[in-house]
Number of protein chains: 2
Amino acid sequence: MIIQIEPLSDIPIYTQITNQMIEGIARGYMKPGDSLPSVRTFAADLGVNMHTVNKSYHELEKKGIISIIPKSGAIINSPDKTEMHIKRITEEFKPVIAEALVLGWEKEQIQELVMSIMIDLKKE
Amino acid sequence: MIIQIEPLSDIPIYTQITNQMIEGIARGYMKPGDSLPSVRTFAADLGVNMHTVNKSYHELEKKGIISIIPKSGAIINSPDKTEMHIKRITEEFKPVIAEALVLGWEKEQIQELVMSIMIDLKKE
DNA sequence: TCCTTTGTTCTATTTTTAATATAACAGATT
DNA sequence: AATCTGTTATATTAAAAATAGAACAAAGGA
C-alpha cells in the first residue's frame with residue numbers, strides 16, 4: 001500500500017494518510033482482516049513522525065474502518081451492514097452536493113459523476 | 001440569510017461561513033445577482049472579525065460562486081454551464097464515496113442518499 | 001524465559017494556521 | 001463632502017499540527 005504525502009498541501013498529513021488508506025481499502029489493495037503496518041514502521045516509511053500516523057489510525061478507528069487492539073496492532077474491519085454511519089456520511093456529502101448544485105450542475109450530472117467515481121473505485 | 005457559528009467546532013469559522021452560504025444559495029435563500037453583506041456588517045452580525053468573513057468571501061470567489069468587485073462588494077454568480085469545476089468537485093466527492101464504500105454501502109444506497117440530499121436542498 | 005515489538009502515555013518544543021485587533025489607504029457610492 | 005467599500009499592512013494571541021524523545025506495560029515470537 002503506497003501512500004504519497006504532499007508536504008505543501010493544505011490538507012494535514014494525518015488526513016492525507018487517512019484518506020489514502022480509505023481509498024486503498026475501497027480499491028481492494030487492502031482487505032478486511034488485514035493488519036496495518038505498525039505506527040513506527042509506517043512513519044519511518046513515510047518519513048513522518050510516529051504520532052502523526054497514530055493520529056490517522058485513531059481517525060480511521062473513529063470512522064469505524066479499523067479496530068486498534070491495544071499493545072498489538074490495527075486491523076481492517078469487516079463492513080457491518082447495521083452500522084452505516086448514515087448521519088456522518090450525509091453530513092460529509094451535503095456540502096459537496098450543495099457546491100455542485102450552486103455551480104449549476106443538474107441532478108443527473110451529479111448522479112453520473114458519483115456513479116463514475118464508484119465504478120472507478122470498484123474496478124480492480 | 002441566517003448563519004450559525006459553532007465556536008467549538010473543529011471546522012474553522014471561515015469554512016463554516018463558506019459552507020452555510022453555499023447551502024443557503026443552493027436552497028434559494030439567496031440568488032445569483034444578489035449582493036452579499038459587506039464584510040464589516042456581516043462580521044458584526046456574526047460576532048467575528050472582519051478578516052474572517054473576508055477569508056470566507058475569497059474562498060467562495062475561488063470556488064467560482066461569487067464575484068468580488070474591488071472597493072464595491074460581492075455578488076453571487078450566475079451558474080456558468082461551461083465552467084463546472086469538474087476536477088475539484090470530483091476530488092471532493094472521492095473521499096466521501098470511498099468512505100461509504102469501505103463501510104459497506106452498496107452503490108444503490110449511495111445513489112439514493114445523494115438523491116435524497118439533492119431533493120432536500122432543492123425543495124423550497 | 002528473554003527479547004523485541006506493540007500501542008500508550010507523557011512532556012516538550014517548533015511550526016503553521018486561525019482569529020483577532022488596529023490602522024490606514026483609495027476607489028465607490030450616496 | 002462624507003460614508004462605505006474591499007484592500008493592505010502590521011501585530012498579537014490562540015489553537016492546531018507536527019516533531020522529538022522518553023518511558024511504560026502488555027503482546028508475541030524465539
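Within each chain, residues carry numbers counting from 1 in the order of the written sequence. Chain labels run from A onward and ligand labels from 1 onward, assigned in the order the entries are written. Confidence filtering applies because this is a predicted model: local features only for residues at pLDDT of at least 70, side-chain atom pairs given and counted only at 80 or more, and all residues used for totals across whole chains, interfaces and linings. Based on all heavy atoms of the structure, the side-chain values leave hydrogens and waters out of the count.

A.B. asks: Kindly report on the pairing of strand β2 (residues 73-76) of chain A, identifying the contributing residues and their values.
C.D. replies: Strand residues, when the strand is regular, have side chains that alternate between the two faces of the sheet. Each residue is placed in one exposure class: buried if its accessible area under a 1.4 Å probe, protein chains only, is under 20% of its type's maximum, exposed if it is over 50%, and partly exposed if it falls in between. Helix and strand labels come from DSSP, where a helix needs a run of H or I of at least four residues and a strand needs a run of E of at least two; each type is numbered from the N terminus. Only one face of β2(A) is buried, namely the one carrying Ala74(A) and Ile76(A), since none of Gly73(A) and Ile75(A) on the opposite face is buried. In this description, strands pair whenever DSSP reports at least two bridges between them. Between strand β1 (residues 66-69) of chain A and β2(A), which pair antiparallel one after the other, the connecting turn spans three residues, and Lys71(A) there sits at a positive phi close to 65°.

A.B. asks: Report on the packing of aromatic side chains, specifying residues and quantitative values.
C.D. replies: Aromatic ring pairs are defined here through the distance separating the ring centres and the angle between the ring planes. Residue and element names in this part refer to chain A. Between rings of Phe, Tyr and Trp, where Trp is taken as its six-membered ring, a pair exists when centres lie within 6.5 Å; planes separated by under 30 degrees are stacked, by over 60 edge-to-face, and by other angles tilted. Applying the stated criterion to the full structure yields three aromatic pairs over all chains. Here the aromatic rings of Phe42 and Tyr57 are separated by 6.5 Å at their centres, their planes lie at 35°, and the arrangement is tilted. Placement of Phe42 in helix α2 (residues 39-46) and of Tyr57 in helix α3 (residues 50-62) is noted, with a sequence separation of 15 residues between them. Accessibility assignment for this pair places Phe42 and Tyr57 in one class, buried.

A.B. asks: Describe the protein's contact with DNA strand D, and please don't skip the residues or the numbers.
C.D. replies: By convention in these notes, a residue is near a molecule or strand provided one of its non-hydrogen atoms lies within 4 Å of it. Neighbouring DNA strand D are 21 residues; Ile13(A), His51(A), Thr52(A), Arg40(B) and Lys71(B) lie closest to it. Of everything in DNA strand D that lies within 4 Å of the protein, sugar and phosphate atoms constitute 59%. Here a polar contact is recorded for every N or O atom pair within 3.5 Å, except that within protein the pair must consist of a potential hydrogen donor and a potential acceptor, and residues adjacent in sequence are included only if both atoms are side-chain atoms. Between Asn54(B) and DNA strand D, the recorded distance is 3.5 Å, taken from a side-chain N or O atom to a phosphate oxygen. The side chain of His58(B) places a nitrogen or oxygen atom 3.4 Å from a phosphate oxygen of DNA strand D. Listing elements by their share of the surface near DNA strand D, those giving two or more residues are α1 (13-26) and α3 of chain A together with α2 (39-46) and α3 (50-62) of chain B.

A.B. asks: Lay out the protein's contact with DNA strand C in plain terms, naming residues and giving numbers.
C.D. replies: Lining the immediate environment of DNA strand C, one finds 21 residues, of which Arg40(A), Lys71(A), Ile13(B), His51(B) and Thr52(B) sit closest. Sugar plus phosphate, as a fraction of atoms of DNA strand C within 4 Å of the protein: 59%. In this structure, His51(B) approaches DNA strand C through a side-chain N or O atom, which is 2.7 Å from a base oxygen. For the surface near DNA strand C, the secondary structure elements donating two or more residues are α2 and α3 of chain A together with α1 (13-26) and α3 of chain B. In terms of residues, the surface near DNA strand C owes the most to one element, α3(B), which gives four residues.

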